[in-house]
Amino acid sequence: MCYFRRIFMVVLWLLSFAFPLITGDVSYSVPEEMKRGSVIGNIAKDIGLDLGRLSARRARVDSEDSGVQYCSVNLNTGELVVQERIDREGLCAKKTSCILKQELVLENLLELHLFILRIQDINDNAPMFKEETLKFEIRESADKGARFAVGEAHDEDIGENAVQGYTLEQNNHFKLDVKTNSAGRKYCELVLDKELDREDNNEITLVLTAFDGGSPQRSGTVVIHVTVLDANDNAPVFSQTVYKASLPENSAPDTLVITVTATDPDEGIHREITYEFDHVSSKDVFSIHPKAGEVRVKGNIDYEKMPSYEMQISAKDGLGLISYATLLIDVTDVNDNAPIINLKSLTNHIPENVSPGTEVGLINVQDRDSENNRQVRCSLQTGVPFKLVPSIKNYYSLVTTEQLDRELVSDYNITITATDEGSPPLSSSKTVHLTVADINDNPPVFEEQSYSAHVTENNKPGSTLCSVAARDPDWRQNGTVVYSLLPGEVNGAPVSSYVSVNGDTGVIHAVRAFDYEHFRSFKVQVMARDNGSPPLSSNVTVNVFISDVNDNSPQILYPTPEGNSFMTELVPKAAHAGSLVSKVIAVDADSGQNAWLSYHIVKSTDAGLFTIGLHSGEIRTQRDISESDSMKQNLIVAVKDNGQPPLSATCSMYLLISDNLAEVPELKDMSYDERDSKLTSYLIIALVSVSTFFLTFIIIVLGVRFCMTGAGAVFALPAWHVTYY
Ligand SMILES: *[C@@H]1O[C@H](CO)[C@@H](O)[C@H](O)[C@H]1NC(C)=O
Ligand SMILES: *[C@@H]1O[C@H](CO)[C@@H](O)[C@H](O)[C@H]1NC(C)=O
Ligand SMILES: *[C@@H]1O[C@H](CO)[C@@H](O)[C@H](O)[C@H]1NC(C)=O
């Protein structure tokens, strides 16, 4: 059961991603001019929001069009409080309903609540007359019941707080008739109640008071001066009581709006009519020619500010007799406002793993024009993985259309264009900067599939073998690579006793010296891991190849080098040139050139008799054996490898030229000590030289003596060659 409920909740949660929540049914009545900080109401309670989440969801109040923020939401209590002075008259002038559309925006699952502030009027303005005094000139022949327009007092407030009535100071001749015009405003006329008599009283002063219905009540006064004339004149008469005109907004100054005319049946200067606006408010916008009655544009006509004007025009003749007409001007809209794009909410760091269709922003489009001129279409530039989805009213959701990949594109500048349907259409655009936030979605990748390190044996511990490198395009710690050795064994010992890897640089060092003769290569596994959570990793194999160094001398296996057991080879007396006599066998633990052996005879009893194969070590006779050859032959053979530098070993080989083993002399005699024999040679040479010298000396002495005895000279040559050998 619980399971299905959970699924239902998940579906709800997913739906909330797809459609932003937009509601609008709360409204608050707010008196204007409330102090800043005054509480308007508790919107969290009224909408049913969780108080604890207001702050996390960055709840805030946004106003729909004006830039002023009149209220804000207290994140702790959920109350709406006044933020800026709200002046109803400034906002809405005489509009009967003054409404501020506001929005409560919640982020992180975007939610939008529309609410309305209904600004209530307070009686903060008193009724005011256009002038401080009014002057009337009334003929004494005026009949009882004649009416004289006084016009109206103006009060910026509305409803009850606007002008509700007038009172006239007590007097003998006039009473007041209060009327209501088409717009519902009160105005009044003086009505002659008792005929005037110029001789009796030619000057009357009255005070007229206008009062509103507010609480406390406010009032304004005007002083009316009446001059009694004895001429018999007529008041001007307008051709229409109400004039209507329509005018496109932005009309140039001096554009003619309408011409009003009033006629006066009087003669002479009495019929000179002067036109005038009765009230101040429109004087900046329109002008009226005092004689011609032409109403022209003077100021800025802005439909969005004021869609229509209503004003009183007075016509006054030379006697000061006045009549009034109403002028209604309807302003027609022109497409002069480009749409305004408001970014209501934006998820600035979009995780790259969000699924397509995720909402990342909410946009509101306004156009201050009306009708077609305010119909707006919104579009997005192409080639970005986002689109605009129309939501309620003028809202659009910005949603993703594809999977994002921060490693490919890390930020977007999205240009939103809004175009209205006016003619010609106006458009505006806004660029939104979106960044994509990283997710650890890339494992480190080694630059090579495998690595090889070549090291010569007898390396120093700590020497560098090679370095591995892995790249991880993720951001910061998600892309920070750490290297380590994976546990393993080499020849039964843990791999860490052979090599180590620098975690930061990936440089692999030897931990000990390697011996080529022990093993020639081994493998280690290195792991590159990022610092994400959870981390991602990849592994690579590093093959370490050890190369040989000439660290082993050749080793002679035959003849066995042990000094005491002399080996003797028999050479048949009949051996011909080229006969194989013996072979020196040697090995070298090194390899390659370091183990490529060459054989040389370094010393021999008879230098011309034997040769040795340079690489085979085979000892062969170089010529036929002859009778004169000594029976005992001795060779000293050097075996040398081809390393750099080469290493060598020597051995002695004894050869006996004989067909009969019985002839073999005592082997000991054949012992041949190189150093001894050299010494012996030197001794013999020295002895022979001394003896020769001595003999020569004796002979010479004897010869000299012989000659001196008279015998014939005898020359005896010194016996140079002594057959010792
Ligand atoms: C987006 O605009 C900003 C500022 O104009 C610029 O620095 C940035 O490079 C732009 N980014 C892209 C992806 O075009
Ligand atoms: C790394 O990735 C994780 C998710 O895998 C993400 O939450 C985190 O913000 C990322 N770190 C950075 C520095 O972008
Ligand atoms: C690397 O090797 C370790 C240890 O054998 C293993 O746990 C891990 O899953 C491997 N990683 C990859 C990416 O193959």
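Higher on the page you've got the structure.
Residues numbered from 1 in each chain as written. Chains lettered and ligands numbered in written order. Predicted model: local features only at pLDDT ≥ 70, side-chain atom pairs only at ≥ 80, totals over all residues. Heavy atoms only, no water.

> So what's going on with the overall build of the chain? Which residues, and what values?
Regarding its fold elements, the chain presents five helices and 51 strands. Every one of the 725 residues in the chain was classed for burial, and the buried ones make up 39%. Taking all contacts inside the chain whose residues are at least 6 apart in sequence as the whole, residues at least 24 apart take part in 67%. Surface exposure of the chain reaches about 39,800 Å², of which carbon and sulfur atoms provide 53%. (Helix = DSSP H or I, 4+ residues; strand = E, 2+ residues; numbered from the N terminus. Buried < 20%, exposed > 50% of the residue type's maximum accessible area, 1.4 Å probe, protein only. Contact = heavy atoms within 4.5 Å. Areas by Shrake-Rupley, 256 points an atom, 1.4 Å probe, with all protein chains shown as cover.)

> If you had to explain the site of ligand 2 to someone new, which residues and values would you point to?
Residues in contact with ligand 2, as listed here, are Asp 438, Ile 439, Asn 440, Trp 475, Arg 476, Gln 477 and Asn 478. A distance of 3.0 Å is found between an oxygen atom of ligand 2 and a backbone nitrogen or oxygen belonging to Asn 440. At 2.3 Å from an oxygen atom of ligand 2 is found a side-chain nitrogen or oxygen belonging to Asn 478. In isolation ligand 2 offers 370 Å² of accessible surface; the protein chains occlude 61% of this area. In the shell around ligand 2, the residues fall into two nonpolar, three polar and two charged. (Near = heavy atom within 4 Å. Polar contact = N/O pair within 3.5 Å; in protein donor to acceptor, adjacent residues only side chain to side chain. Nonpolar A, V, L, I, M, F, W, Y, C, P; charged D, E, K, R; others polar.)

> Let's hear about the packing of aromatic side chains: which residues, and what values?
Evaluation of the coordinates by the stated rule reveals 15 aromatic pairs. Ring geometry for Phe 238 and Tyr 243: centres 6.2 Å apart, planes at 75°, overall edge-to-face. Each member of the pair, Phe 238 as well as Tyr 243, carries the same accessibility label: buried. When the ring of Tyr 498 is compared with that of Phe 514, the centres are 6.4 Å apart and the planes differ by 25°; the resulting orientation is stacked. Separated by 16 residues along the polypeptide, Tyr 498 in the loop between strand S38 (493-494) and strand S39 (499-501) and Phe 514 in the loop between strand S40 (507-510) and strand S41 (521-530) bring together distant segments of the chain. The class for Tyr 498 is buried, based on a relative accessible area of 3%. Following the ring pairs from residue to residue traces out a cluster consisting of Tyr 498, Phe 514, Phe 519 and Phe 522. (Phe/Tyr/Trp six-rings, centres within 6.5 Å; stacked < 30°, edge-to-face > 60°.)

> Please provide a residue-by-residue account of the site of ligand 3, values included.
With respect to spatial proximity, the complete set of residues near ligand 3 consists of Leu 486, Ser 537, Ser 538 and Asn 539. With respect to ligand 3, the side chain of Asn 539 contributes an N or O atom lying 2.3 Å from an oxygen atom. Considered on its own, ligand 3 offers 360 Å² of accessible surface; in the complex 35% of this is hidden by protein. Taken together, the residues that form the shell around ligand 3 break down as one nonpolar, three polar and no charged.

> Residues and numbers for the layout of surface pockets, please.
Its volume calculated, the second largest pocket comes out at about 730 Å³. Taken together, 34 residues line the second largest pocket, and the ones lying closest to its centre are Ala 149, Tyr 187, Glu 189, Ser 323 and Tyr 324. Elements that contribute at least two residues to the lining of the second largest pocket include exactly strand S8 (133-139), strand S9 (147-151), strand S12 (186-192), strand S15 (237-238), strand S22 (308-316) and strand S23 (322-332). Counting residues per element, the lining of the second largest pocket draws most heavily on S23, which supplies six residues. Classifying every residue of the lining of the second largest pocket by side-chain character gives 17 nonpolar, ten polar and seven charged. (1 Å grid on protein atoms, 1.4 Å probe; cavity = no way out; pocket = protein on both sides within 12 Å on 5 of 7 lines; lining within 4 Å. Points joined across faces, edges and corners; volume = space filled by probe spheres on them.)

> Now, about a nonpolar patch on the surface: what can you tell me, with residues and values included?
On the surface, a nonpolar cluster with roughly 220 Å² of combined accessible area is contributed by Leu 557, Ile 585 and Val 587. Take Leu 557: it is sitting in strand S43 (residues 555-558). Given a relative accessible area of 42%, Leu 557 falls into the partly exposed group. (Patch = residues over 30% accessible without salt bridge, like charges linked within 9 Å, V, L, I, M, F, W, Y side chains within 5 Å. Salt bridge = Lys/Arg side-chain N within 4 Å of Asp/Glu carboxyl O.)

> Provide a residue-level description of the sheet that holds strand S5 (residues 79-82), including the pertinent values.
Within the open sheet, the three strands sit side by side as S2-S5-S4. Their pairing is antiparallel. Strand pairing shows two members of the sheet lacking a second neighbour, strand S2 (39-42) and strand S4 (71-73), which therefore form its edges. Between one strand axis and the next, the sheet turns through 20° on average, direction left out of account. (Pairing = 2+ DSSP bridges. Axes fitted to C-alpha atoms, helices over the stretch in contact; angles between N-to-C directions.)

> Talk me through the pairing of strand S49 (residues 618-621); I want residue IDs and the actual numbers.
Residues Ile 619 and Thr 621 point to one face of S49 and are all buried, whereas Glu 618 and Arg 620, pointing to the other face, are not buried. Across three bridges, strand S45 (residues 580-583) lies against S49 in antiparallel orientation. Paired with Ser 582 across the strands is Ile 619, a residue of S49. Bridge count for strand S48 (residues 610-612) against S49 is three bridges, and the pairing is antiparallel. In the strand pairing of S49, Thr 611 is matched with Arg 620. The turn linking S48 back onto S49 is made up of five residues, and Gly 617 within it adopts a positive phi angle of 80°.

> Give me the lowdown on the nonpolar core, citing residues and values where you can.
By size, the foremost hydrophobic cluster in this structure holds 29 residues, and its most contacted members are Phe 522 and Val 542. For this core, the elements supplying multiple residues, two or more each, are strand S33 (450-456), strand S34 (464-467), strand S36 (481-485), S39, S40, S41 and strand S42 (537-547). By size, the runner-up hydrophobic cluster in this structure holds 25 residues, among which are Phe 238, Ala 245, Phe 277 and Leu 327. (Core = buried A, V, L, I, M, F, W, Y, C linked by side-chain atoms within 4.5 Å.)

> Describe the sheet that holds S9, naming the residues involved and giving the relevant values.
Taken together, three strands build an open sheet; the order of strands is S9-S12-S11 and the sheet is antiparallel. Every interior strand has two partners, whereas the edge strands, S9 and strand S11 (174-180), have only one. If you compare each strand with its neighbour and ignore which way they point, the axes differ by 30° on average. Examined bridge by bridge, S9 and S12 share four bridges and lie antiparallel to one another.

> Quick rundown of the environment of Val 587? Include the residues and the values.
Within the secondary structure layout, Val 587 lies in strand S46 (residues 585-587). Between the alpha carbons of Val 587 and Leu 557 there is a distance of 7.3 Å; along the sequence they are 30 residues apart.

> With reference to specific residues and values, describe the side chain of Ser 314.
Inspection of the secondary structure assignment puts Ser 314 in strand S22. Contact partners of Ser 314, with chain neighbours within four places excluded, come to Phe 238, Thr 274, Tyr 275, Glu 276, Ile 322, Ser 323 and Tyr 324.

> Give a description of unusual backbone geometry that names residues and reports values.
Omega for the peptide link from Ser 215 to Pro 216 comes to 0°, which places this bond in the cis form. Counting through the fold element by element, Pro 216 comes out in the loop between strand S13 (203-212) and strand S14 (219-229). The amide bond that connects Ser 423 to the next residue, Pro 424, takes the cis arrangement and shows omega of 0°. If you check the backbone angles, Glu 371 has positive phi at about 50° while not being a glycine. Among the structural elements, Glu 371 can be located in the loop between strand S26 (359-366) and strand S27 (376-380). For Glu 371, a relative accessible area of 66% translates into the label exposed.

> I'd love a proper account of the pattern of salt bridges, names of residues and values included.
All told, the structure shown has 22 salt bridges when counted by the stated rule. Here Arg 147 ties to Asp 177 by a salt bridge, and the two come within 2.6 Å at their closest N and O atoms. Taken together, the positions of Arg 147 in strand S9 and Asp 177 in strand S11 put the pair 30 residues apart, joining distant regions of the chain. Its relative accessible area of 43% is what places Arg 147 among the partly exposed residues. Close ionic contact of Glu 310 with Arg 185 constitutes a salt bridge, the shortest N to O distance being 3.8 Å. Taken together, the positions of Glu 310 in strand S22 and Arg 185 in the loop between S11 and S12 put the pair 125 residues apart, joining distant regions of the chain. Via salt bridges that share partners, Arg 147, Asp 177, Lys 179 and Glu 189 belong to a single interconnected network.

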